[in-house]
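The lines below spell out each chain.
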Amino acid sequence: MITKREMRRVAKPVVLIAEELSPATLNALGPDFEVRNCNGADRGELLTALSKGVDAVLIRSATKMDAEAISAAKGLKVIARAGVGLDNVEIPAATTAGVMVVNAPTSNIVSAAELAIGLLLASARSISPAHAALKNGKWARSKYTGAELFEKTLGIVGFGRIGQLVAARMQAFGMNVVAYDPYLQPARAAQLNVRLVDLDELLKISDFITIHLPKTKETANLIGAEALNKVKPSVRIINAARGGVLDEAALYEALKAGKVAGAALDVFATEPCTDSPLFTLDNVVATPHLGASTDEAQERAGIAVAISVRKALSGELVPDAVNVKGGVIDEAVRPALPLVEKLAQVAIGLATDVVSSIDVEVRGEISEMDVSVLATSALKGALIGMGAEDVTYVNAPALASERLLTSTISTNPESPDHRNLVSVRAACANGSQVFVSGTLMGIKQTQKIVAIDELDLDLKPTSNLLFLRYTDQPGVVGVVGNSLGKLKINIADMQVGRTQVGGDALMALTVDSVIPNDIIQVISKETGATLVRFVNLVSE
């Protein structure tokens, strides 16, 4: 006869640990799981262990959880990466299989900040070449005269969590800190005694520049030849964030020409990187992507994912999940999720200043249901509109919090014109607002934008949208059509809303391709429009 105790033991979820993790990780996991071990770097051993049935697998960087491994894993519910990167996890395959992927995105922020500071100090005092010279028998005191940090200006490019940690620590050195971050409110920077400036000013006034930005389409080679022509010749540049944000070829030329005094790098555009012209220069300090390589960061990562596994297997929402949102969403609410994302992207695209809140109003039948997830949907769309990448329903609130972006939701059962109406209001720092409303029409639940700032429209939110605000007058439609026609850009649909004849007007067009910025400027000049914006909607 099987006792209750034996039944509980049999029913324990199975956790496969595929790489060496700290004892603290196992302690955080607790006694409620059957723990198995394998060598995840051994492909055959991994696939065999997965095929025996596991609920969760904990990995580091050596275990490859691709489509084959995920398919082999019987009953797998969670892949937990004890670290930040997820290059060894095939997330689309996991999502298709319904497997949650979690990591530890904040586990290394202190380690990364401290390495950036170490690189900054090493560059300022020529520690690396002086060390190498001494080991080679040269006492080169006069050659390696450095620079003090005291009362110098540190420019931080990207003022997120790591940038803020660097700022706090370098202020203790007596440095004046300025920062560039287009998504951060000046008030938050002021709380940290840091002045927000535009990138050009930061480049011109900084004695040291440290980069703390993710690599995106917008940030790729952000610090390139043009930017390096604006810096002081005495500047030293540190990049311990992501390779590719700093143009390495342009940096090499600037160092050779004496336009930059020194550089310190932990990351590179292509990794591993063992052969770079930069490594031939005495005034370059380089390390092989060591930002997260501390015992403490590794332990924090292990503990974080162990806690996430516990939450996931008990059915709780997991804050660090990258591909799955916990909780049940009503089938009547679900179609509104992508619509709200798009409405938020449009609102961000039409905003005239930094957006501080992105609020949602739900009217009609679905207002009686739990629509709270639509607030997260609005945040996700807003962040995508701001250029953020890899945004999910789980990480959107945290990413928004970093930018001091908030979202609320309100409901009203009254909806005179539509069965359901969803509106997104973006409030800007300068006091202006953008109000975008949409609905789902018919059996097919076709998405429609039905109003912008109370001006009625009937527009499908397709990929490429062009908006103009102007004073109603003859000839505007012709100018726009002619400008796009010259480029052979086809107009799929056009809507015009206006307050009255000769009053405020809004033109909205769906087009078949991207509109270049120079054409946007031409349209703006020739129409006299107060605002011309092209919005490229991203559907995820």
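This text goes with the structure placed above it.
Residues numbered from 1 in each chain as written. Predicted model: local features only at pLDDT ≥ 70, side-chain atom pairs only at ≥ 80, totals over all residues. Heavy atoms only, no water.

(A) Quick look at the sheet that holds strand 11 (residues 262-265). Strand order in this open sheet of 7 strands is 8-7-6-9-10-11-12, and the pairing throughout is parallel. Edge positions in the open sheet fall to strand 8 (195-196) and strand 12 (284-286), since each of these has one partner strand only. Packing against the sheet, helix 8 (residues 161-171) makes contact with strand 6 (153-157), strand 7 (176-180) and strand 9 (208-211), and its axis sits at approximately 170° to strand 6. (Pairing = 2+ DSSP bridges. Helix = DSSP H or I, 4+ residues; strand = E, 2+ residues; numbered from the N terminus. Contact = heavy atoms within 4.5 Å. Axes fitted to C-alpha atoms, helices over the stretch in contact; angles between N-to-C directions.)

(B) Inspection of helix 18 (residues 517-527) at higher detail. Those residues of helix 18 lying buried are Ile519, Ile520, Ile523 and Thr527. One side of helix 18 carries all its buried residues, which in axial view fall inside an arc of 105°. Counted as exposed and oriented over 90 degrees from the buried face of helix 18: Asn517, Gln521 and Lys525. Taken together, the buried residues of helix 18 touch strand 19 (464-471), helix 17 (476-486) and strand 22 (531-536). Of the residues trailing helix 18, glycine 528 is marked for its positive phi of about 70°. (Buried < 20%, exposed > 50% of the residue type's maximum accessible area, 1.4 Å probe, protein only. Arc of directions from axis to C-beta.)

(C) Quick look at the nonpolar core. Formed by 51 residues in total, the largest nonpolar core has its most connected members in Val346, Ile358, Leu374, Leu383, Leu405, Ile452 and Phe467. Top contributing element to this core by residue count: helix 14 (residues 336-350), with 10 residues. Beyond its immediate stretch of four places on either side in the chain, leucine 405 contacts Val355, Ser356, Ser357, Ile358, Leu379, Ala382, Leu383, Met386 and Ala400. By size, the runner-up hydrophobic cluster in this structure holds 30 residues, among which are Leu213, Val245, Ala263 and Leu278. (Core = buried A, V, L, I, M, F, W, Y, C linked by side-chain atoms within 4.5 Å.)

(D) Focus on the sheet that holds strand 21 (residues 504-511). With antiparallel pairing, 4 strands are arranged side by side in an open sheet as 20-21-19-22. Sheet topology places strand 20 (491-498) and strand 22 at the edges, where each strand pairs with a single neighbour. Within the sheet, the average angular offset between the axes of one strand and its neighbour, ignoring direction, is 15°. With 6 bridges joining them, strand 19 and strand 22 adopt antiparallel strand pairing. Note that in strand 22 the partner of phenylalanine 467 across the bridge is arginine 533. Along the sheet, helix 14 contacts strand 19 and strand 22; its crossing angle with strand 22, the most-contacted strand, is approximately 145°.

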